[in-house]
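Descriptive structure summary
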Amino acid sequence: MMSFNRYNFTIASSNKEGISRATSHVVVSSKQQSPAKPIFLKKVAYEGGVYELSWNAPPYSYNITSYTIFWCNSKNDRPCQCYGFLNWTRVGSDITKKNITLPASDKVFHFAISANSENFSSSGMYWVDCPVLPGQDGSLATDDHDCGIRYAFNDFETAISHGRKTVRSEFPWHVALYRQESPDESAEYICGGSILHPKVILTAAHCIYNEISFGLDNATFTVVAGKYYVSWEHRDPDEQRLKVVDIRYPITFVGYKNRYADDIALLELNTTIQLSSAIMPVCIDWTVKYLLDQLPPVGTVVGWGLTEKNITSDELLTANLKFIEFAECRTTTSQSYSIFITSDKFCAGLENGTAVQRGDSGGGITFPQTMTNNKMQYYLYGIVSVKDASGSIAGFTDIRRHLPWLKMALKSLIDP
């Protein structure tokens, strides 16, 4: 139970001879005086017993004077199960990365961190969620443990036309894609996208395709992660702007000419996105371990597209849409639209008018899965591609149909 009172304890030892004169003084701060915990503590394990720890400062605390890093060994790869002594070291408040070298062994080491304030109070321990192994190129190799977690401080049930506003950083994998004809002009928002890897964004191919020249648009593209307000001129507190240096899409994609089949693309960034609990990759079901009947019937989409008032939303919106399989979608939509529901697509929408709109293209539709640790993680199964102009049904590029291409293209970008 968390008390709102401040407690002062004097600790002394005693035996049959009496109470010792030497004492220790312990202060237990009130909740109001305690700082918030640091967030997104990550552990990267290297050979030789070297561990690289990195974390983000508490989002809502001030007057942090230092951090305390704790570690212990365990028989199992789970936090908070320690055997033997709990070790610790302290670092300054300006430090958010620390290397610790421990004796190389077959033991499993767990790490935690706390923030300390100037009134001698502590936030309490924040434990590493999971280990992260370095890739061959030194980049972080994200796995199911490091993706698709809606921001912990904004874990609300969701409600784009007829959508509701998101909370800042509620969907940490969603990014904005901007286009510039020349450096002299302001960048124009064109599409959404999803973080697949710290250096790779997943989006729709039609976002970067020129229908006139039947090839790649030669404009300059910029990805902004951590974006809430879509305006290029507005700088969000945590946003990161990165240039697109390479683009991959299937050679079979030719836009409208082939009814937007194979509408999928990868964008390589000029530098690595700094991941945190507010900016992280979305999960992909690489091994198809979740069958269709295991997915919830409703998926979540986010975007800055047109609202029901036919204006571009300035703030990021979200909506829940019902999943509609390919065959059903082809038979329930208008003939003029159904020809664009190619075999690599499924549909989603609601009869009340809630739908994706122009400007939402490239963003993903995600479905939640409950992990063994009871965390809810979101898996991306589709990319916003085409929409029926007269209805509320939209077509999504089916990720399951493109897994071989996606694996090959991603590998070529991160491990050339």
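Preceding block: the structure.
Summarised in this report is the structure supplied together with it. (Residues numbered from 1 in each chain as written. Predicted model: local features only at pLDDT ≥ 70, side-chain atom pairs only at ≥ 80, totals over all residues. Heavy atoms only, no water.)

**Topic: the sheet that holds strand 17 (residues 220–225)**
Pairing in this closed barrel of six strands is antiparallel, and the strands run 12-13-14-19-18-17 around the ring. Ignoring strand direction, the axes of neighbouring strands in this sheet form an average angle of 45°. Sheet topology note: the strand 12 (residues 174–180)/strand 13 (residues 188–197) ladder contains six bridges and is antiparallel. Paired with Val-175 across the two strands is Gly-193, which belongs to strand 13. (Pairing = 2+ DSSP bridges. Helix = DSSP H or I, 4+ residues; strand = E, 2+ residues; numbered from the N terminus. Axes fitted to C-alpha atoms, helices over the stretch in contact; angles between N-to-C directions.)

**Description of the state of the cysteines**
Working definition of a disulfide: a covalent bond connecting the sulfur atoms of two cysteines. Throughout the structure, instances matching the rule amount to three disulfides. Across the disulfide from Cys-191 sits Cys-207; the S-S distance is 2.0 Å. Across the S-S bond of Cys-191 and Cys-207 the torsion is about -90°, and the bridge reads as left-handed. Linking Cys-191 in strand 13 with Cys-207 in the loop between strand 14 (200–203) and strand 15 (209–210), this pair joins segments that are 16 residues apart in sequence. Comparing Cys-191 with Cys-207, the two get one shared label, buried. At a sulfur-sulfur separation of 1.8 Å, the disulfide partner of Cys-329 is Cys-347. Torsion about the S-S bond of the Cys-329 and Cys-347 cystine: about -70°, corresponding to left-handed handedness. You can see Cys-329 sitting in helix 1 (residues 326–332) and its partner Cys-347 sitting in strand 22 (residues 345–349), a full 18 residues away along the chain. (Disulfide = S-S within 2.5 Å. Buried < 20%, exposed > 50% of the residue type's maximum accessible area, 1.4 Å probe, protein only.)

**Section: a nonpolar patch on the surface**
Residues Tyr-7, Phe-9 and Ile-11 make up a contiguous nonpolar surface patch of about 290 Å² in total accessible area. Residue position: Phe-9 is located in strand 1 (residues 7–15). On the basis of relative accessibility, which here comes to 39%, the residue Phe-9 falls in the partly exposed class. (Patch = residues over 30% accessible without salt bridge, like charges linked within 9 Å, V, L, I, M, F, W, Y side chains within 5 Å. Areas by Shrake-Rupley, 256 points an atom, 1.4 Å probe, with all protein chains shown as cover. Salt bridge = Lys/Arg side-chain N within 4 Å of Asp/Glu carboxyl O.)

**Section: the nonpolar core**
Leu-177, Leu-202, Leu-266, Ile-273 and Ile-399 are the most contacted members of the largest nonpolar core, which has 63 residues in total. Of all the secondary structure elements, the ones that give two or more residues to this core are strand 12, strand 13, strand 14, strand 17, strand 18 (240–248), strand 19 (265–269), strand 24 (376–387) and helix 3 (403–414). In terms of residue count, helix 3 provides more of this core than any other element does, six residues in total. Excluding residues that lie within four positions of it along the chain, Leu-202 makes contacts with Gly-193, Ser-194, Leu-196, Ile-264, Ala-265, Leu-266, Gly-362, Leu-380, Ile-383, Ile-399 and Leu-406. One finds Cys-147, Ala-319, Phe-346 and Ala-348 within the second-largest nonpolar core, a separate group that totals 17 residues. (Core = buried A, V, L, I, M, F, W, Y, C linked by side-chain atoms within 4.5 Å. Contact = heavy atoms within 4.5 Å.)

**Describing the pairing of strand 21 (residues 317–324)**
For strand 20 (residues 298–303) and strand 21, the ladder comprises six bridges, and the chain directions are antiparallel. Along strand 21, the bridge assignment pairs Val-298 with Lys-322. Both strand 21 and strand 22 contribute to a ladder of three bridges, which runs antiparallel. Within the sheet, the bridge partner assigned to Phe-323 lies in strand 22 and is Ala-348.

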